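A closer look at the structure
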Amino acid sequence: MKQHRKVALPRYGEYNCALKYIVEQGFEAQCILPPPLSRRTEDLGARNSPDLVCTPFKTTLGSMIEALEAGADTILMVPGACRLNYFGELQEQILRDMGFTFEFINLSLYNTGNAKDLLKALRVVNPRRSMVKTARALYEAAKMIEHLDDITTLYYENCGFDPTKTYPKVYKQFIADMYAAQNLNEIHEAFRVASRAFEEITLNKPSDPIRIGIIGDYYTVMDPFSNLELEQKLADMGVEVHRLMNLANDMLRGGGKNKQAKIREFAEYSMGASSTADIWQAQNFAERGFDGIVQVKSAGCMPETDIMPVLANLSRDYKIPVLYLTYDSQSSDVGLMTRLEAFYDMVEMRKKVNP
Amino acid sequence: MGQWEIGGIRMNESRMPAIGIPRAMLYYRYGALWEHFLQALGVSVQLSPPSSRGILETGTRLAPDESCLSLKMFMGHVDMLIGRCERILIPRYSNYGYTELFCTRYEGLYDQARNIFRSSGQRFITCNIDAQNDSPEAKAFELFGVELGFSARESRRAWQEASKVLKQKQKAEEQAQKELAAKPGMKVLIAGHSYILSDPYLGKPILDCLASSGAITLRADALESETARKACAKFSPTCRWIVSEEIVGGVLHWKEKADGIVLVSAFPCGPDSMTNELLIRRFKGIPILPLVLDTQSGMAGVETRIESFLDIIRFQKGEMV
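Fair warning: this is a prediction, and the values are worked out from it, not measured in the lab.

**So, the packing of helix α9 (residues 225-235) of chain B against helix α10 (residues 242-254) of chain B**
All names here are of chain B. Look at α9 against α10: their axes get within 7 Å of each other, and the N-to-C directions meet at 85°. Looking at the two axes, α9 sits roughly perpendicular to α10. Residues S225, T227, A228, R229, K230, A231, C232 and F235 of α9 form the contact with α10, whose own contacting residues are E245, E246, V248, G249, G250, L252 and H253. Tallied by class, the residues present in the contact of α9 with α10 amount to 6 nonpolar, 5 polar and 4 charged.

**Considerations on the sheet that holds strand β3 (residues 19-21) of chain B**
Residue and element names in this part refer to chain B. One open sheet holds the 4 strands; their spatial order is β4-β3-β5-β8, and the pairing between them is parallel. A single partner strand is all that each edge strand has here, and the edge strands are β4 (45-47) and β8 (123-125). Taking the axes of each pair of neighbouring strands and ignoring which way they run, one obtains an average angle of 35° across the sheet. In terms of strand pairing, β3 meets strand β5 (residues 87-89) through 2 bridges, oriented parallel. Bridge pairing links G20 to I88 in β5.

**With respect to the domain arrangement of chain B**
All names here are of chain B. Each assigned domain of chain B is listed here: domain 1 (5-164) and domain 2 (183-316). In this complex, domain 1 contributes 21 residues to the contact, which on the side of domain 2 involves 23 residues. Of the residues that constitute the side of domain 1 that touches domain 2, the class distribution is 12 nonpolar, 5 polar and 4 charged.

**Quick word on the nonpolar core**
Counting 189 residues, the largest nonpolar core has A:M144, B:F37, B:L189, B:A191, B:V251 and B:V264 as its most contacted members. If we ignore the near neighbours within four places in the chain, the residues touching B:A191 are B:A220, B:I247, B:G250, B:V251, B:I261, B:L263 and B:V264.

**What to know about unusual backbone geometry**
Following B:F267, the chain continues to B:P268 via a peptide bond in cis, the omega torsion being -20°. Relative to the helices and strands, B:P268 is located in the loop between β12 (260-266) and α11 (270-282). One non-glycine residue, A:K165, lies in the positive phi region at around 60°. In this fold, A:K165 is placed in the loop between α6 (131-158) and α7 (167-180). A positive phi angle, near 45°, is found at A:A273, a position not held by glycine.

**Section: the domain arrangement of chain A**
Note: interface size is frequently given as the accessible area lost on complex formation between the parts. All names here are of chain A. Here chain A is partitioned into domain 1 (6-129), domain 2 (137-205) and domain 3 (208-355). A C-alpha centroid distance of 27 Å is found between domain 1 and domain 2. If you look at the interface, domain 1 gives 9 residues, while domain 2 gives 11 residues.

**Concerning α10(B)**
Between the first and last C-alpha of α10(B) there are 18 Å, a value that for 13 residues agrees with the 18 Å anticipated at 1.5 Å per step. Of all 13 residues making up α10(B), 13 are buried, and the element is well covered by its neighbours.

**Structural notes on the pairing of strand β6 (residues 92-97) of chain B**
In regular strands, side chains alternate between the two faces of the sheet. Residues and elements named next belong to chain B. Both β6 and strand β9 (residues 128-130) contribute to a ladder of 3 bridges, which runs parallel. By the bridge assignment, Y93 is partnered in β9 with I129. Hairpin geometry of β6 and strand β7 (residues 100-101) is characterised by an intervening segment of 2 residues between the two adjacent antiparallel strands.

**Comments concerning the interface of chain B and chain A**
Across the boundary between the two partners, chain B contributes 29 residues, which contact 36 residues of chain A. Secondary structure elements with two or more residues in the side of chain B that touches chain A: α4 (104-116) and α11 of chain B. Looking at the side of chain B that touches chain A, the element that brings in the most residues is α4(B), giving 9 residues. Partitioning the side of chain B that touches chain A into residue classes produces 9 nonpolar, 11 polar and 9 charged.

**Re the pairing of strand β10 (residues 187-191) of chain B**
Residue and element names in this part refer to chain B. Among the 5 residues that make up β10, 4 are buried, leaving the element largely enclosed by the rest of the structure. When β10 meets strand β11 (residues 216-219), the two strands line up parallel, connected through 4 bridges. Counterpart to L189 in the pairing with β11 is L218. Bridge count between β10 and β12: 4 bridges; the pairing is parallel. Each residue of the ladder has a partner; that of A191, found in β12, is L263.

**As for the confidence of the model for chain B**
Looking at chain B as a whole, the pLDDT averages 92, with 95% of positions reaching at least 70. Taken over the whole predicted complex, pTM reads 0.93, whereas the ipTM for its chain interfaces reads 0.92.

**Quick word on the sheet that holds β10(B)**
Residues and elements named next belong to chain B. Pairing is parallel in the open sheet, where 4 strands are placed in the order β11-β10-β12-β13. For this open sheet the edge positions go to β11 and β13 (288-293), each flanked by a neighbour on one side alone. The sheet shows a mean angle of 25° between the axes of neighbouring strands, taken without regard to direction. Running at roughly 165° to β10, α10 makes contact with β10, β11 and β12 of the sheet.

Cut-offs applied
Residues numbered from 1 in each chain as written. Chains lettered and ligands numbered in written order. Predicted model: local features only at pLDDT ≥ 70, side-chain atom pairs only at ≥ 80, totals over all residues. Axes fitted to C-alpha atoms, helices over the stretch in contact; angles between N-to-C directions. Helix = DSSP H or I, 4+ residues; strand = E, 2+ residues; numbered from the N terminus. Parallel < 35°, antiparallel > 145°, perpendicular 65-115°, else oblique. Contact = placed C-beta atoms within 7 Å. Nonpolar A, V, L, I, M, F, W, Y, C, P; charged D, E, K, R; others polar. Pairing = 2+ DSSP bridges. Domains from an automatic or database assignment. Core = buried A, V, L, I, M, F, W, Y, C linked by C-beta atoms within 7 Å. Buried ≥ 20, exposed ≤ 12 C-beta atoms within 10 Å, placed from the backbone. Expected span 1.5 Å × (residues − 1). pLDDT = per-residue confidence, 0-100.

Here it is, written out as structure tokens:
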């Protein structure tokens, strides 16, 4: 057994700070952060992936390649509820065929519904460290994710109305603090500092701003690079951007089963993966009188495609416009900007006609 | 068993057949089970007509643009049944347990169709197979039977009979193929979802083309489910879609008997996009032809590819030097 593993997980929004925390504080290992996602990541991934697989597969594969180039010797891959569960096995095969040497820890293998198997996975990653320390690191990383998601939510709701333009600076500093945090106190402190800084900024927000809700597939909607910074673009137009789909809401705070009951009229049963949460969120936005909904999905995402007829009916019933966006690995800014501007103009006009 | 009700309609007074079944998607895998279940209970069944270009065109118009060819075909079949039966049956195949899953598309099929055809007023019925949420297959069919107005006991017995029929059907297919595989001559193993291969509009032209070129065609899905899934679990432990496991396992089982493999999938099939890639990467030394079918009609392209593929096999075998 090696003294220190160099563990990497492909880039996923800013959530890598939580993994870094778990690896460094919980395990006796070093965490390698793959470089931020770029065109190169996507090209590398797309070139080595099967054509018809969904875009997150390609992006994460690209990020794994970049992590290995950056010196990682162990790649960790998460399980999931859709094709994601099978990502690891195929990605490992592709990386080996490309000639890389590394250890691959595929958590899907341990995702059998039996808690004992998950503990086994922890022992594989971390053979010597005490379970108590690991458990504490996991708990603290969960707190980190909650803070990260709360600050991100605040940021996109308000940054479009900040006359001083200091919002981005505060947010950037907060993210940097999350990556640097060494213990729970530092995590809480960074959260307090950022919240206070946000509070001190006087916003120039109308009493009834344009509010747009974002829903979408697990990866694309939470990863700003993959959705071409959709939220920032909308916020810059002067929109209050709301997104309930994040790890804190969907995994840590739960409430999944009752969501299905609330959306019975549209979907009696779960339509797979993120579908129930998405339909529930769309209905929630509509009931709160939002001005529009944007659905973000990667090309080939099955559950998100399946709920399109549901969203169409919801849009009809609640009279709320829905913009459907599909991202593949060659999306360009320009096309997205055109569609967003058109959507914004339409939403703004509707608001003027029936305030 | 004469009188029974669904949704307040006395079925024996109704002139329409009670249950309509779209002849697409999982019908080709589990249809025998559904039909025999309903038959055993004495429920009248209406099947949609065999696939055709027209049905696919209707489905393409109705389904979301980005969905797979099979879903488009399915929605076309549902459309053919609208107004022609009391209820359209769309079973919801979600899972047999935590690690025994189905493609999310089958999971959402029932609710998706309800939403697409909402304005038609057509009523739908499902049989919800979702062991993770306390509805394993046996219980699902029991509840389904009860919803149709039969007793739990009658429903259970009907399901047991129907399951036996389905098992026997699979066994017979395997037996027939065993005999076929023992025959001399060039053999091609064709792998794909049964709703592609058995579909008269999508898969049959490919099978015909292979047959007319003088090749013996073996089908990967002609194998008992347990055997296939065991083989697949060894080969690819995190593959958990039951139907894909059956296909992959079938390929592993029959591959020794075949001279080449044709992988047929529908554009853009989610599970196939990954399992086929894995097969291609892990199998060396046997010619493989991946074929992806989309809504573009016209067989000329497919025929050319199959012919040149067969030439490659002949060349490898030394028959064409």
